[in-house]
Number of protein chains: 2
Amino acid sequence: MNSHAWTAPPTVMLTVGGNFHLGDVDPDSTPGFEHARRTGEHQLEARRDHLSDLQERLYAESRRREAPDAVLLVLQAMDTAGKGGIVRHVVGGVDPQGVELAAFKAPTDEERAHDFLWRVEKRLPAPGMIGVFDRSHYEDVLIARVRGLAPPEEIERRYGAIVDFERRVAQSGTRIVKVMLHISPDEQKARLMERLERPDKHWKYNPGDVDERALWDDYMAAYQAAFERTHTHEAPWYVVPANSKWYARLAVQELLIAALEDIDPRWPRADFNIETEKKRLAAS
Amino acid sequence: MNSHAWTAPPTVMLTVGGNFHLGDVDPDSTPGFEHARRTGEHQLEARRDHLSDLQERLYAESRRREAPDAVLLVLQAMDTAGKGGIVRHVVGGVDPQGVELAAFKAPTDEERAHDFLWRVEKRLPAPGMIGVFDRSHYEDVLIARVRGLAPPEEIERRYGAIVDFERRVAQSGTRIVKVMLHISPDEQKARLMERLERPDKHWKYNPGDVDERALWDDYMAAYQAAFERTHTHEAPWYVVPANSKWYARLAVQELLIAALEDIDPRWPRADFNIETEKKRLAAS
């Protein structure tokens, strides 16, 4: 099975357009993929080798040709929406040597003393790498806005700063793919309840998660504002319905594949004489 | 299938003992595993979930109980011996969020200006993590010795410094597993030839690799000296015959599993009242 399993590519179906309203997206839907879960799971397996092959070419290209290309996947979501599952089941399908993961927690005192993009800049993927941000600089216009951690004029400044920053990163050769995993409050409740019911999941549960639920609408408004202010050609946003974990994984896998296919990395040509080397090696 | 597929555990079969001589190890052998390749490959698959489960417990433990435990896998080998394959096929089987990879290349000017352990200290795995060193501080007593990059008395000093360093790391809670993947010169020749013959492998070939082959015996002597000087209870060396890639992967997987089983990480108990939280969540 290949990308034709989709009625339309996720890059088209899931992107944030001009009249986008987050409230119109059904978290239960599976846009562009009119098959059942089992087919989706097979598809995830079936596309793994293609993603892995593209990743290896990207890496190879940077070693020999000093190509500047990289990919940056930004993952944002409400708690339990499945960021970890994306990392494990989609990103985990490629060679770990080609991946740079960065999880952004609440900033430290040192980080807070700098501009909000300081810690982000340091974790940008090197050429040839797939970088993954588990949360990101968007927390600084999401929780920061909802919780009033910065004054409104500072939040305003940040939208512009993000657009400038991402443009520069894109111009340096990094394809940016920004994903919001979109779940419903009921789905979150069910997933949190599971964490309470299973002793092997207790460690993932934080009582504070329940408090955040009361602010759900504020978070959705903050996401909507972030989409409107920071969705650009160089760094597009995709909203991925995520009540079905299998669909979210499949969609993000396709978004990654599309970014890599856009780079179209090729095996570098040898910068040595192959026949000469064969003789030297044979004689060694 | 489980660890009983082995006639004796790799921790016992492959460790460097008192009278160890590298020259006595047959790179074609598969100590402790008297089955064919296909069985070995199935076994690698079959044990993946166990390794993955142990890794997740280790990670969970560090989040809640602030347990200091970590694992550090040090990989050393001649070129083409399969370090990359270990990372991809063994380490790649666990959640990438629980792994910290560090590849040590020739030191930069800044690194060279510091003691040789400076750059290594910075890449030690955090609690809860599996750290993997693709090459390591051992290069500073291997290539440094063979190529005369440091005077003999400095090499001597380094053996002692390594033992002190690794003892401190072990005492801080990190299980250290040091692996040398052992291939034969003929096997290396075949693998380098394959890199020359396949256009998708050219990027992995370096003409300098052939020059290093002339120093093979010197490298083996340097490894032997490193084993004799730095094999300790806290940081044991294992020599893994690696002409059979499947065997090397299987053996390293078992060595990692053994280190994790030794830690025996448990799911942390909830630090909140489960029934209270269920009620709060239900009402949210």
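Just so it is clear, the structure is predicted and the values come from calculations on it, not from any experiment. (Residues numbered from 1 in each chain as written. Chains lettered and ligands numbered in written order. Predicted model: local features only at pLDDT ≥ 70, side-chain atom pairs only at ≥ 80, totals over all residues. Heavy atoms only, no water.)

**Q** Please explain unusual backbone geometry as it appears in this structure.
**A** For residues that are not glycine, phi is negative in most cases, and the peptide bond is trans in most cases. All names here are of chain B. For T80, which is not glycine, the phi torsion reads 75 degrees and is therefore positive. By secondary structure assignment, the location of T80 is in the loop between β1 (70-77) and α3 (83-89). Exposure remark for T80: the relative accessible area of 10% places this residue in the buried category. At R135, a position not held by glycine, the phi torsion is positive, near 65 degrees. Of note, R135 is situated in the loop between β3 (130-134) and α6 (143-146). (Helix = DSSP H or I, 4+ residues; strand = E, 2+ residues; numbered from the N terminus. Buried < 20%, exposed > 50% of the residue type's maximum accessible area, 1.4 Å probe, protein only.)

**Q** Sorry if this is basic, but what is going on with helix α8 (residues 185-197) of chain B here?
**A** Side chains that are three or four residues apart share a direction in an α-helix, a result of its 3.6 residues per turn. Taking 1.5 Å as the rise per residue, α8(B) with 13 residues should run 18 Å; its terminal C-alpha atoms sit 18 Å apart, in good agreement. The complete set of buried residues in α8(B) reads Q188(B), R191(B), L192(B), M193(B), R195(B) and L196(B). Its buried side turned inward, α8(B) meets α12 (274-283) of chain A together with α9 (207-213), α10 (216-230) and α11 (245-263) of chain B. (Expected span 1.5 Å × (residues − 1). Contact = heavy atoms within 4.5 Å.)

**Q** Got a minute to help me understand the UniProt feature "domain: Polyphosphate kinase-2-related" (unreviewed entry) in chain A in this structure?
**A** Annotation from UniProt places "domain: Polyphosphate kinase-2-related" (unreviewed entry) at residues 38-263 of chain A. Split by type, residues 38-263 of chain A is 53% helix and 14% strand. Its first and last C-alpha atoms lie 31 Å apart. (UniProt positions renumbered as here; feature names shortened; annotations may be inferred.)

**Q** Help me out: how do you make sense of the pattern of salt bridges in this one?
**A** Between side chains of opposite charge, pairing is possible as soon as their charged atoms come close. Residue and element names in this part refer to chain A. Evaluated as defined, the whole model comprises 54 salt bridges over all chains. Here E254 and R47 are joined by a salt bridge, their closest N and O atoms 2.7 Å apart. Remark: R47 occurs in helix α2 (residues 37-64) and E254 occurs in helix α11 (residues 245-263); sequence separation between them is 207 residues. Take R47: its relative accessible area is 8%, and that puts it in the buried class. A salt bridge links R229 to E156; the shortest N-O distance between them is 2.7 Å. Taken as a pair, R229 in helix α10 (residues 216-230) and E156 in helix α7 (residues 152-171) lie far apart in primary sequence, 73 residues in all. Overlapping salt bridges bring together D115, E154, R157 and R158 as one network. (Salt bridge = Lys/Arg side-chain N within 4 Å of Asp/Glu carboxyl O.)

**Q** For this particular structure, what's the right way to read the relation of the copies chain B and chain A?
**A** Mapping chain B onto chain A is achieved by rotating through 180 degrees and translating by 0.0 Å along the same axis, at an RMSD of 0.0 Å. Here the two chains are linked by the operation of a two-fold rotation axis. Taken together, the interface assignments show that 100% of the residues at the interface of chain B recur at the interface of chain A, consistent with an identical surface on both copies. (Least-squares fit on C-alpha atoms with pLDDT ≥ 70 in both.)

**Q** Teacher, can you tell me more about the pairing of strand β5 (residues 237-241) of chain A here?
**A** The side chains of a regular strand alternate, residue by residue, between the two faces of the sheet. All names here are of chain A. In terms of burial, β5 is a largely internal element, five of the five residues being buried. Pairing between strand β4 (residues 174-182) and β5: five bridges, direction parallel. Residue pairing across strands places M180 opposite V239, the latter belonging to β5. (Pairing = 2+ DSSP bridges.)

**Q** Where do I start with the packing of aromatic side chains in this structure?
**A** Aromatic ring pairs are described here by two measures, namely the spacing of the ring centres and the angle between the planes. Counting across every chain of the model gives 22 aromatic pairs over all chains. Ring centres of F227(B) and W237(B) lie 5.1 Å apart, and the angle between their planes is 65 degrees; on these two criteria the pair is classed as edge-to-face. Here F227(B) is found in helix α10, whereas its partner W237(B) is found in strand β5 (residues 237-241), with 10 residues between them in sequence. Here F227(B) matches W237(B) in class, with each residue buried. An aromatic cluster of at least three residues, connected via ring pairs, comprises F20(A), Y138(A), Y223(A), F227(A) and W237(A). Over the ring of Y59(B) we find R63(B), and its NZ or CZ is 4.2 Å from the ring centre. The ring of W118(B) has K122(B) lying over it, and the distance from NZ or CZ to the ring centre is 3.8 Å. (Phe/Tyr/Trp six-rings, centres within 6.5 Å; stacked < 30°, edge-to-face > 60°. Lys NZ or Arg CZ within 6 Å of the ring centre and 35° of its normal.)

**Q** Got a minute to help me understand the interface of chain B and chain A in this structure?
**A** One frequently used descriptor of interface size is the decrease in accessible area upon assembly of the parts. With 42 residues of chain B at the interface, the matching set in chain A holds 42 residues. Approximately 4200 Å² of surface area, both sides summed, lies buried where chain B meets chain A, with 60% of it carried by carbon and sulfur atoms. Counting across the interface, chain B meets chain A through six salt bridges. Across the salt bridge formed by D211(A) and R280(B), the nearest N and O atoms sit 2.6 Å from each other. (Buried area = accessible area lost by both parts, 1.4 Å probe.)

**Q** Help me out: how do you make sense of the environment of H202(A) in this one?
**A** For H202(A), the position within the fold is in the loop between α8 (185-197) and α9 (207-213). Between the C-alpha atom of H202(A) and that of L192(A), which follows or precedes it by 10 residues, the distance is 9.6 Å. Those residues in contact with H202(A) that sit more than four places away from it in its chain are R195(A), L196(A), R64(B), P268(B), A270(B), F272(B) and I274(B). Reaching out from H202(A), the side chain makes a polar contact with the backbone oxygen of L196(A) at a distance of 3.0 Å. (Polar contact = N/O pair within 3.5 Å; in protein donor to acceptor, adjacent residues only side chain to side chain.)

**Q** Sorry if this is basic, but what is going on with the sheet that holds strand β1 (residues 70-77) of chain A here?
**A** Two pairing modes exist for strands in a sheet, parallel and antiparallel, and in both the strands are linked by backbone hydrogen bonds. All names here are of chain A. Across the sheet, five strands lie side by side as β2-β3-β1-β4-β5; this open sheet has parallel pairing. Each edge of the open sheet carries a strand with a single partner, namely β2 (99-103) and β5. Put simply, the sheet's adjacent strands are angled 20 degrees from each other on average, direction ignored. Against the sheet, α11 makes contact with β1, β3 (130-134), β4 and β5, and its axis sits at roughly 170 degrees relative to β4, the strand it touches most. (Axes fitted to C-alpha atoms, helices over the stretch in contact; angles between N-to-C directions.)

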